[in-house]
Amino acid sequence: MPQLRYLTAGESHGKSLTGIIDGIPAGLSLEAERDIDPILRERQRGYGRSHRQKIEDDKAEILSGVRFGITTGAPIAIKIENKDWENWQEKMSAIPTEEEISPVTIPRPGHADLAGAIKYQQKDIRNILERASARETAMRVAIGAIAAIFLKELGIASVSFVKSIGDVSADDSKKPAELDSLHKLLSESELRMFDSSGEKKAKHLIDKAKKDGDTLGGIIEAHFIGLPIGIGSHVQWDRKLDGLIAQAVMSIQAVKAVEIGGGISLAGIHGSECHDAIEIEDGEIVRSTNNAGGIEGGMTDGMPIIVRAAMKPISTLMRPLQSVDLATGNTAPSHIERSDVCAVPSLSVIVENVVAFTIASALLDTFGGDTMSEVKERVALRHKQGKLRNLIQ
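Since this is a predicted model, take the numbers as computed values, not measurements.

**Q** Can you help me understand the overall build of the protein chain in this one?
**A** Counting its regular elements, the protein chain contains 12 helices and 17 strands. For the protein chain, the C-alpha radius of gyration of 22 Å lies close to 21 Å, the compact-globule estimate for 393 residues. When the backbone C-alpha atoms are referred to their principal axes, the protein chain occupies close to 75 × 50 × 40 Å. The buried share of the protein chain, reckoned over its 393 residues, is 47%. Separation of charge centres in the protein chain, based on 47 positive and 55 negative side chains, amounts to 1 Å.

Structure representation (structure tokens):
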């Protein structure tokens, strides 16, 4: 069993989202207002989001596992209240209610509605869509933010951004090389794009989709820098870090593809162009390229991990597609639920934090440690072991 694990619970319009993260070492400085809430706000930002984001003001409340701002090693329980619960108390009541609630019986193509209703034998699809909603990712981001703080203490930094929305792509040549500069640019962008020209075009595309009652997807990219060599393992399929990352990212609502490093593009070039030559610079082992995206043989190779995720357009359409009413058996326009036009900027935040948790989990599986001082010492030793002068006998 992994040292680091988590569970979440809660519905989109339920009273709250809850989560438990187990395995964070003792001695990590952690405060919700400082370390989690800013990331939750970033997840809510973005041009093309729904009115729901104006209702919610996501804040995490730490219920256990932290005392006086320091983790104790015990499980950390978190709660995020849903402010919209006030409008849904009768419809989402956990106890029987006398109010007659109209069931949702027409599934949306592209959503969990139909498969979930059949699997769990539900006559009201709301019992499926509430949990299947991407609202659930708010708690995954909160948990990932804790993992990101843990990684930061070990010298591992991250950043994520939008590569494209619809058929509009950001110009990679405009991306700053410095991490701090990139963070600043993204914080000022409504679409988490570093290319202002591309962002302008993407906004026009979103406006048109909204007018047409349609939705848009896109591609995001996340980078993780400063990892020691050897996180993950080659010895078993379920310990390979790239496999773990792919599973975590694919579990995010609306994600339909994941790439690491050069990804699909590597299939179209020769091996001599693909693989990252090992070189020596100032007595240290370096790579001239990073097509592997920081992972070789299921393990970190010391280069930045690069993860890309493709998000399909959101399945709730204001001009709905054809569907079937499960209550009558007749064809009907699919159900309309309040929804975003485009949530790709939010996806970049979600992916960054979901992958942060995956890396943190694999790192603890590799090095172990019940306290931050133990983990720091072991990670520092691995960095030292990875130096060329220490490899030559």
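Alright, that's what it looks like, and here's the rest.
**Q** Could you clarify how one ought to interpret the sheet that holds strand β2 (residues 16-22) in this entry?
**A** As a general point, the strands of a sheet are linked pairwise by backbone hydrogen bonds and lie either parallel or antiparallel. Taken together, the four strands give an open sheet; going across it, the order is β1-β2-β6-β3, and neighbouring strands pair in antiparallel fashion. Each edge of the open sheet carries a strand with a single partner, namely β1 (5-9) and β3 (60-64). Across this sheet, the average inter-strand angle for adjacent strands is 20°, counted without regard to direction. In this structure, β3 lies alongside strand β6 (residues 76-81), joined through four bridges in antiparallel fashion. Its bridge partner lying in β6, I62 is registered against I78. Helix α1 (residues 32-44) rests against β3 and β6 of the sheet, and its axis sits at about 135° to β3.

**Q** So what exactly am I meant to see when it comes to helix α7 (residues 196-211) here?
**A** Residue pairs spaced three or four apart in an α-helix point in one direction, given the helix's 3.6 residues per turn. Along its 16 residues, α7 runs 23 Å from first to last C-alpha, staying within 8% of the 22 Å computed at 1.5 Å per residue. Inspection of α7 places G198, E199, A202, I206 and A209 among the buried residues, and these make up the whole buried set. All buried residues of α7 lie within an arc of 95° about the axis, which places them on one face of the element. Of the exposed residues in α7, the ones pointing more than 90 degrees away from its buried face are S196, K200, K201, H204, K208 and K211. Against the buried residues of α7 lie β7 (157-165) and β8 (168-169). You can read the cap of α7 off the contacts: a side-chain oxygen lies 3.1 Å from the backbone nitrogen of S197, and it is on D195. Positive backbone phi, approximately 70°, marks G213, located one or two places after α7.

Conventions adopted
Residues numbered from 1 in each chain as written. Predicted model: local features only at pLDDT ≥ 70, side-chain atom pairs only at ≥ 80, totals over all residues. Heavy atoms only, no water. Helix = DSSP H or I, 4+ residues; strand = E, 2+ residues; numbered from the N terminus. Rg over C-alpha atoms; globule rule 2.2 N^0.38 Å. Buried < 20%, exposed > 50% of the residue type's maximum accessible area, 1.4 Å probe, protein only. Lys, Arg positive; Asp, Glu negative; His and termini not counted. Charge placed at Lys NZ, Arg CZ, Asp CG, Glu CD. Pairing = 2+ DSSP bridges. Axes fitted to C-alpha atoms, helices over the stretch in contact; angles between N-to-C directions. Contact = heavy atoms within 4.5 Å. Expected span 1.5 Å × (residues − 1). Arc of directions from axis to C-beta. Polar contact = N/O pair within 3.5 Å; in protein donor to acceptor, adjacent residues only side chain to side chain.

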